[in-house]
Amino acid sequence: MLSSDFANLASEAKRMLDFGADWLHMDIMDGHFVPNLTIGAPVIESLRKHTKAYLDCHLMVTNPIDYVEPMGKAGASGFTFHVEVSKENWQELIGRIKSKGMRPGVALKPGTPIEEVYPLIDSENPVEMVLVMTVEPGFGGQKFMPEMMDKVRALRKKYPSLDIEVDGGLGPSTIDMAASAGANCIVAGSSVFGAPEPAAVISLMRTSVSGNQEKW
């Protein structure tokens, strides 16, 4: 939703769901972990009044633990934090996220080795999704980094049933690379919002993921 018209967020959300989107991906940025400053819990709370959709919240923030309670109260569905800022407290973080009724996920920047998320998946109280950033987080409209697909392949081989999300530069020209590597949750902003027919783009990406799932 970073590519949406924030002044009309509720109608933009409905439009995307009508076009066939499964989730609404919400980018929460604090202006510190990443240079951009976007939205927070008050906007999630406002949007929740207008939709029952799964709000997939990606927290690009320095102190994710401070956001768990407000995001839970606001109605976030998923809470994905960055491994780079949670090395000391990820177990407590996962526990708190689940206690607030949200689904925990972990994200990693392009420069972070994939091995850093393995303990969070292997834990007795694990994350339920891994988000592989395919651009540097912070701004929309960036170019897809195909070399990140090695991380997706490694994850899919090690964890056959894991939800693997990719975010950054995904669209008709890059979806097959991501889907064939093993990604099954696709975040797309400018490629959908900027398309003459957003529904066709969503459908094309879903078809690519479905068609590749048998090959994993």
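Residues numbered from 1 in each chain as written. Predicted model: local features only at pLDDT ≥ 70, side-chain atom pairs only at ≥ 80, totals over all residues. Heavy atoms only, no water.

(A) Representation of the overall build of the protein chain within the structure. Helix and strand counts for the protein chain come out as 9 helices and 7 strands. Relative to the 2.2 N^0.38 estimate, which gives 17 Å for 216 residues, the radius of gyration of the protein chain is 16 Å and therefore close to what a compact globule would have. Element-wise, carbon and sulfur atoms account for 51% of the exposed surface of the protein chain, whose accessible area totals about 9800 Å². Positive and negative charge centroids in the protein chain, built from 20 and 27 side chains respectively, lie 3 Å apart. (Helix = DSSP H or I, 4+ residues; strand = E, 2+ residues; numbered from the N terminus. Rg over C-alpha atoms; globule rule 2.2 N^0.38 Å. Areas by Shrake-Rupley, 256 points an atom, 1.4 Å probe, with all protein chains shown as cover. Lys, Arg positive; Asp, Glu negative; His and termini not counted. Charge placed at Lys NZ, Arg CZ, Asp CG, Glu CD.)

(B) Inspection of the layout of surface pockets at higher detail. In this structure, the largest pocket encloses a volume near 850 Å³. If you trace the largest pocket, you find 44 residues lining it, with His25, Ile186, Val187, Ala188 and Gly189 closest to the centre. Contributions of two or more residues to the lining of the largest pocket are made by β1 (23-29), β2 (54-60), β6 (163-167), β7 (185-187), α8 (190-193) and α9 (198-213). When residues of the lining of the largest pocket are assigned to their parent elements, the largest contribution, 6 residues, is made by α9. Its residues assigned to classes, the lining of the largest pocket shows 22 nonpolar, 15 polar and 7 charged. (1 Å grid on protein atoms, 1.4 Å probe; cavity = no way out; pocket = protein on both sides within 12 Å on 5 of 7 lines; lining within 4 Å. Points joined across faces, edges and corners; volume = space filled by probe spheres on them. Nonpolar A, V, L, I, M, F, W, Y, C, P; charged D, E, K, R; others polar.)

(C) Up close: the packing of aromatic side chains. Counting across every chain of the model gives 2 aromatic pairs. The interplanar angle of 25° and the centroid separation of 4.4 Å between the aromatic rings of Trp23 and Tyr54 together place this pair among those described as stacked. Here Trp23, found in strand β1, pairs with Tyr54, found in strand β2; they are 31 residues apart in sequence, far enough to count as distant. Judged by relative accessible area, which is 27%, Trp23 ranks as partly exposed. Looking at Lys109, its charged tip hangs above the ring of Phe33, at a distance of 4.4 Å from the centre. The ring of Tyr118 carries Lys158 above its face, with NZ or CZ at 5.0 Å from the centroid. (Phe/Tyr/Trp six-rings, centres within 6.5 Å; stacked < 30°, edge-to-face > 60°. Buried < 20%, exposed > 50% of the residue type's maximum accessible area, 1.4 Å probe, protein only. Lys NZ or Arg CZ within 6 Å of the ring centre and 35° of its normal.)

(D) Region of interest: the pairing of β6. In terms of burial, β6 is largely enclosed, as 5 of its 5 residues are buried. Going residue by residue along β6, you find Asp163, Glu165 and Asp167 tucked away on one face and Ile164 and Val166 tucked away on the opposite face as well. Bridge count between strand β5 (residues 129-133) and β6: 5 bridges; the pairing is parallel. For Leu131, the partnering residue across the bridge sits in β6 and is Glu165. Note that the unit made of β5, helix α6 (residues 149-158) and β6 has a crossover that is right-handed. Relative to β7, β6 runs parallel, the two being bridged by 3 bridges. Residue pairing for β7: Glu165 is matched across the bridge by Cys185. Remark: the β6/helix α7 (residues 175-181)/β7 crossover connection has right-handed handedness. (Pairing = 2+ DSSP bridges. Right-handed = clockwise from strand over helix to strand, strands pointing away.)

(E) Structural detail: α9. With 16 residues, α9 should reach 22 Å at 1.5 Å per residue; the first-to-last C-alpha distance of 23 Å fits that figure. Along α9, the residues that are buried comprise Pro198, Val201, Ile202, Met205, Ser208, Val209 and Asn212. The arc that holds every buried residue of α9, seen down its axis, measures 125°, which confines them to one face. Residues of α9 that are buried in the fold lie against α1 (9-18), α7, β7 and α8. (Expected span 1.5 Å × (residues − 1). Arc of directions from axis to C-beta. Contact = heavy atoms within 4.5 Å.)

(F) Inspection of the sheet that holds strand β4 (residues 103-108) at higher detail. Pairing in this open sheet of 7 strands is parallel, and the strands run β1-β2-β3-β4-β5-β6-β7 from one edge to the other. Looking along the sheet, the strands with just one partner apiece sit at the ends: β1 and β7. Neighbour to neighbour, the strand axes of the sheet diverge by 25° on average, direction disregarded. Judged from the 4 bridges that link them, β4 and β5 form a sheet pairing that is parallel. Residue pairing for β5: Gly105 is matched across the bridge by Met129. Sitting on the sheet, helix α4 (residues 90-99) touches β3 (78-82) and β4, and the angle it makes with β3 is about 165°. (Axes fitted to C-alpha atoms, helices over the stretch in contact; angles between N-to-C directions.)

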